[in-house]
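# Commentary on secondary and tertiary structure
Residue-level listing of the chains:
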Amino acid sequence: MTSNADWRAVVLPLAALALWYALTALDLVNTKLIVPPGAVLDAAWQVVSGGQLLAGLRASLIRDLSGFAAGSAAGILFGLLLGVSRWAERIVGPTFHTLKQISLFAWLPLLSTWLGTGEAAKILFIALSAFYPVALNTFEGVRGVTRAQLEVARVLGFNRLQLAGRLILPAASARIATGLHLALLYAWLATIGAEYLLGSSAQGVGSVVIRGKATFHVELIVVGMLLIGAVGLLLNRLAAAIEGRVLHWRGPGH
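The text that follows walks through the structure, step by step, so that each part is easy to find.

About the cut-offs
- Per chain, residues are indexed from 1 in the order of the written sequence.
- With pLDDT at 70 or above as the cut-off, local features in this predicted model cover only qualifying residues; side-chain atom pairs require 80 or more to be listed or tallied, and sums for whole chains, interfaces and linings still use all residues.
- Heavy atoms from the whole structure form the basis of all side-chain values; hydrogens and water molecules are not counted.
- Salt bridges are identified by distance alone: a Lys or Arg side-chain nitrogen within 4 Å of an Asp or Glu carboxyl oxygen.
- Secondary structure elements are taken from DSSP: a helix is a run of H or I of four residues or more, a strand is a run of E of two residues or more, and numbering for both begins at the N terminus.
- Each residue is placed in one exposure class: buried if its accessible area under a 1.4 Å probe, protein chains only, is under 20% of its type's maximum, exposed if it is over 50%, and partly exposed if it falls in between.
- Each pair of aromatic rings taken from Phe, Tyr and Trp, with Trp reduced to its six-membered ring, is defined by centres within 6.5 Å and is described as stacked if the planes are under 30 degrees apart, edge-to-face if over 60, and tilted in the remaining cases.
- Throughout, nonpolar core names a set of buried Ala, Val, Leu, Ile, Met, Phe, Trp, Tyr and Cys residues whose side chains join them through atoms within 4.5 Å.
- Here a residue-residue contact requires only that any non-hydrogen atoms of the pair lie within 4.5 Å.

Bringing the pattern of salt bridges into the picture now. Side-chain pairing between opposite charges can occur once the charged atoms of the two side chains come close. Enumeration according to the criterion identifies five salt bridges in this entry. For Arg175, the salt bridge identified is with Glu140, shortest N-O distance 2.4 Å. One end of the pair, Arg175, is in helix H8 (residues 160-197); the other, Glu140, is in helix H6 (residues 119-143), and 35 residues separate them in sequence. A residue is classified by how much of its surface remains accessible, and Arg175, at 34% relative accessible area, is partly exposed.

This paragraph deals with the packing of aromatic side chains. Across all of its chains, the model carries six aromatic pairs by this definition. Taken together, a centroid distance of 6.2 Å and an interplanar angle of 90° make the contact between Phe96 and Phe131 edge-to-face. Placement of Phe96 in helix H4 (residues 86-99) and of Phe131 in helix H6 is noted, with a sequence separation of 35 residues between them. Here the two residues Phe96 and Phe131 agree in accessibility, since each one is buried. Considering the side-chain rings of Phe131 and Tyr132, the 5.3 Å spacing of their centres and the 75° angle between planes classify their relative orientation as edge-to-face.

Where a protein is soluble and globular, its nonpolar side chains tend to be buried together. Ranked by internal contacts, the top residues of the largest apolar core, which has 38 residues, are Phe96, Trp188 and Val205. Going through the elements one at a time, helix H3 (52-84), H4, helix H5 (108-115), H6, H8, helix H9 (205-214) and helix H10 (218-246) are the ones with two or more residues in this core. Not counting residues up to four positions away in its chain, the partners in contact with Val205 are Gly56, Leu57, Ser60, Trp188, Ile192, Glu195, Gly224, Leu227 and Ile228. Listed in part, the six residues of the second largest apolar core include Val35, Ala43, Val218 and Val222.

Residue placement: Leu33 occurs in the loop between helix H1 (2-25) and helix H2 (37-49). Along the backbone, Leu33 and Glu219 are 186 residues apart, and their C-alpha atoms lie at a distance of 9.0 Å. Beyond its immediate sequence surroundings of up to four residues, Leu33 is in contact with Phe216 and Val218.

Listed below in structure tokens is the structure:
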């Protein structure tokens, strides 16, 4: 069943590739706008052989993981604070729930005004993209701890540290993992957005697309798009695998 499903999943991409090749080979489209697959392969080889691909990918991943780590750590701490403190939820919660409605890209003009278009602005933007899903899922996970579970912890004489480490965090772990999974994907999208919208001078995968647009090399734009999609897919698979391994103790029914 799994093998058949895997084959079915590649039918549409292969059909799209065949159609793309046929349209360009028969000159049924403007090949300056819809470039042939061969031109894309040539552009990809030039980027790889010139060392631009690895350097740009390394720069983007460092930027991405730095922002993801900072935003996720802040999100877990903030979510825990809101979840365990009714006082914090009443004071800070309304502001948090209002700010999360603002489109992430709406922060870019403000960040660029404050910090310019350098690394600090990019990493802060990526951190913001990771912060919200982690904070929200952590908060909801903590609030999912039932009163009965808390009563059992009190009967067992848990202090605050034990309550957090042996009850609250394990109970909220599934939601926290979901938040981290989402944050990893959002951070990658934010990385590309930051590279594209906060200046083209920095190295990164987004610079491949920017360079293709600036020189009207459509094949270079397609190479950049495919690379962005491939990295996003790998990050999604990696997050799912880590999530499954970390939460294996929950069993198949969860």
